[in-house]
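Observations on the model geometry
In case you want the letters, here they are:
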Amino acid sequence: MSRSKKEASGCGCASIPFSVIFLIAGGGYWLFTQREHLELSRFIPSDIQNQIPFLNTSAPENSSPTISPTPQAENSTFQPQPTLPNNPPANPQANSASNPGKNTSSNPPSSPQTPWETKEIRGIYLSRYQATNNASEATIRQRVRYYRDRGINTIIHGVWGNACTMYKSKVMQEKFGYQSCPNEFQDRWLDWLIDEAHKQGMEVHAYFEKGIKIDENSPAFNLAVERGWIVAGVDRTHPGVDHYVLDVGIPEVSNLFREILVEFVTRYPTIDAVQWDDYLGYHAELPGQVDRTLELTNFVKQAIAAMKAANPNVSFDVCHHNPYWAKRYFAADWETWGVDRVFIQVYADKNFNDELKYVAANDGISITERQFNRFNEVVNNPQIENILFFPLSGEPEKMADKVNTLRKNIN
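Small disclaimer: the values here were computed from a predicted structure and weren't measured.

Moving on to the overall build of the protein. Along its length, the protein carries 14 helices and ten strands. Going through the 411 residues of the protein one by one, you find that 42% of them count as buried. Long-range pairs, those at least 24 residues apart, make up 67% of the contacts in the protein with a sequence separation of at least 6. For the protein, the accessible surface area stands at approximately 23900 Å², while carbon and sulfur atoms represent 51% of it.

Below, the discussion takes up the state of the cysteines. With the rule as written, the count across this model stands at one disulfide. A sulfur-sulfur distance of 1.7 Å marks the disulfide that ties Cys164 to Cys181. Its torsion about the S-S bond being 100°, the disulfide of Cys164 and Cys181 is classed as right-handed. In this pair, Cys164 sits in the loop between strand 2 (154–160) and helix 6 (170–176) while Cys181 sits in the loop between helix 6 and helix 7 (189–199), placing the two residues 17 residues apart along the sequence. The same class applies to Cys164 as to Cys181, namely buried.

It is worth spelling out the sheet that holds strand 6 (residues 273–276) at this point. Reading around the barrel, the eight strands line up as 1-2-3-6-7-8-9-10 and close back on themselves, with parallel pairing between neighbours. On average, each strand axis in the sheet is inclined to that of its neighbour by 30°, with strand direction left out of account. Of the pairings in the sheet, the one linking strand 8 (residues 341–345) to strand 9 (residues 364–367) comprises three bridges and is parallel in character. Its bridge partner being in strand 9, Phe343 is matched across the sheet by Gly364. The strands touched by helix 7 within the sheet are strand 2 and strand 3 (203–208), with strand 2 carrying the most contacts at an inclination of about 165°.

Take the confidence of the model for the protein next. Overall, the predicted model of the protein reaches an average pLDDT of 81, with 73% of residues at or above 70. Under a pLDDT of 50 for its full length, residues 18–25 has, in the predicted model, one contact with residues more than four places off or in other chains. Note on residues 29–106: pLDDT under 50 across the span, and 24 contacts to partners over four residues away in sequence or across chains.

Quick look at the pairing of strand 6 now. Side-chain alternation along strand 6 places Ala273 and Gln275 on one buried face and Val274 and Trp276 on a second face that is also buried. As judged from the four bridges shared by strand 3 and strand 6, these two strands associate in the parallel manner. Bridge assignment links Tyr207 to a residue of strand 6, and that residue is Gln275. Regarding the hand of the β-α-β motif, the stretch spanning strand 6, helix 10 (residues 293–310) and strand 7 (residues 315–320) is right-handed.

Working note: α-helix, 3.6 residues per turn, so residues spaced by three or four point in the same direction. Compared with an ideal rise of 1.5 Å per residue, which puts 17 residues at 24 Å, helix 9 (residues 251–267) spans 24 Å between its outermost C-alpha atoms and is within 8% of the ideal. Within helix 9, the full set of buried residues consists of Val253, Ser254, Leu256, Phe257, Arg258, Ile260, Leu261, Glu263, Phe264 and Val265.

This part covers helix 12 (residues 352–361). Turning to helix 12, its buried residues are Phe352, Glu355, Leu356 and Val359. An end-on view of helix 12 places all buried positions within 120° of arc, on one side of the element. For helix 12, exposure combined with an orientation more than 90 degrees from the buried face picks out Asp354, Lys357 and Ala361. Lining the buried residues of helix 12 we find strand 8, strand 9 and helix 13 (375–379).

Turning next to the pairing of strand 2. The side chains of a regular strand alternate, first on one face of the sheet and then on the other. Among the seven residues in strand 2, seven count as buried, and that is most of the element. Pairing between strand 2 and strand 3: six bridges, direction parallel. If you follow Thr154 over to strand 3, its bridge partner there is Glu203.

A word on the environment of Tyr125. Note that Tyr125 resides in strand 1 (residues 122–126). Tyr125 sits 267 residues away from Leu392 along the chain, and the two C-alpha atoms are 9.9 Å apart. Not counting residues within four places of it along the chain, the set of residues in contact with Tyr125 comprises Gln130, Ile156, Tyr207, Gln275, Cys319, Ser366, Leu388, Phe389, Phe390, Pro391 and Pro396. Among the polar contacts listed, one links the side chain of Tyr125 to the side chain of Gln275, at a separation of 2.3 Å.

Moving on to the packing of aromatic side chains. In this description, a pair of aromatic rings is defined by centroid distance and the angle of the planes. What the rule picks out here adds up to 24 aromatic pairs. On the numbers, 5.2 Å between centres and 65° between planes, the contact of Tyr125 with Phe390 is edge-to-face. Of this pair, Tyr125 sits in strand 1 while Phe390 sits in the loop between strand 10 (387–389) and helix 14 (396–410), placing them 265 residues apart in sequence. When its relative accessible area of 22% is taken as the criterion, Phe390 is described as partly exposed. We note Arg150 situated over the ring of Tyr146; from NZ or CZ to the ring centre the distance is 3.6 Å. The side chain of Arg328 reaches across the aromatic face of Tyr329, ending 4.7 Å from its centre.

Once that is clear, we can look at the side chain of Ser218. Here Ser218 lies in the loop between strand 4 (213–214) and helix 8 (221–226). On the basis of relative accessibility, which here comes to 6%, the residue Ser218 falls in the buried class. A distance of 2.6 Å separates a polar side-chain atom of Ser218 from the backbone oxygen of Asn162. Here Ser218 is in contact with Asn162 and Ala163, once residues within four sequence places are set aside.

Cut-offs applied
Residues numbered from 1 in each chain as written. Predicted model: local features only at pLDDT ≥ 70, side-chain atom pairs only at ≥ 80, totals over all residues. Heavy atoms only, no water. Helix = DSSP H or I, 4+ residues; strand = E, 2+ residues; numbered from the N terminus. Buried < 20%, exposed > 50% of the residue type's maximum accessible area, 1.4 Å probe, protein only. Contact = heavy atoms within 4.5 Å. Areas by Shrake-Rupley, 256 points an atom, 1.4 Å probe, with all protein chains shown as cover. Disulfide = S-S within 2.5 Å. Pairing = 2+ DSSP bridges. Axes fitted to C-alpha atoms, helices over the stretch in contact; angles between N-to-C directions. pLDDT = per-residue confidence, 0-100. Right-handed = clockwise from strand over helix to strand, strands pointing away. Expected span 1.5 Å × (residues − 1). Arc of directions from axis to C-beta. Polar contact = N/O pair within 3.5 Å; in protein donor to acceptor, adjacent residues only side chain to side chain. Phe/Tyr/Trp six-rings, centres within 6.5 Å; stacked < 30°, edge-to-face > 60°. Lys NZ or Arg CZ within 6 Å of the ring centre and 35° of its normal.

Below, the structure is given as structure tokens:
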């Protein structure tokens, strides 16, 4: 038979022996003094810890990190540790750029580069007039950003063509009585182009378009004929245009080019490179069967030397045919010229694979829209270090858009 139990009211403290109370009080004091060593917080939920003042020992929000002092010898004077800066560098990327391959603790390691990103130069040709004729500063800067956003990091812009400069030149004024090719370029167009490109982490290469060739539309044509500066015969390398070739064996002609180069790299000291293409050559079908190989080699070597003396920071590049074809059919023995970089033109699909051995042995490849079917192959080939895009259509912006689409499909 069960019986009910009446609960006593109050805490019942009076019934506890005094010795027990003393024991509990002493143990509580000991626990309080040893709370940091016993780590009691491990056994108490965090929401309850916040209600117990002596367990809530977190550091103030603005306190500096503790730095362990260097062990000191006995009786030595204590030297305080230097205070570490709390603010990160103003431009973390600037530090990583000057120390490539190094990661700081504040910057996580960058993700692996895509095949496209491994190409050091991803350039596009902007022929004369295509981007800067009658263009404002705002327009030029916007176009630079346009190409950057499409994965292009190098703009190769025409600054010379058809025997005249696209900028106002004192050399042209002295030699021919006019300052430049007919155009509506603003005086500072190239300054803006270079400045914006460098701000965007891009390069600008000055394209000496047409090289040593000239046609009847050149303002210098009649004077060149009158002065006897032109090699006999017509160069019909490219159908539809009759070109003539300036004779660099004539001192006045070779001096003109050297003076133009020196003037250019002096006036635009931050230009990254100058580039000449296959128009730096004499086609084998010119009459007379004259071998001008050595003559052309000497001219280029002297031009490079003069340019480097004026500005050693500028790269002298050529974009030409493979070395056998260039020497055999254009008297261009560029392997002996001492140029900085060579890009191989591969503008036909027929011998594409054969050309790749020359590309791999040199600095890169130049292709047109006709080679877009090989885009993946070119980008994924680790032996191809740099890629240049030449818009046969004359529409570089559309070509850049296509390049952007193609690269996104493989990255």
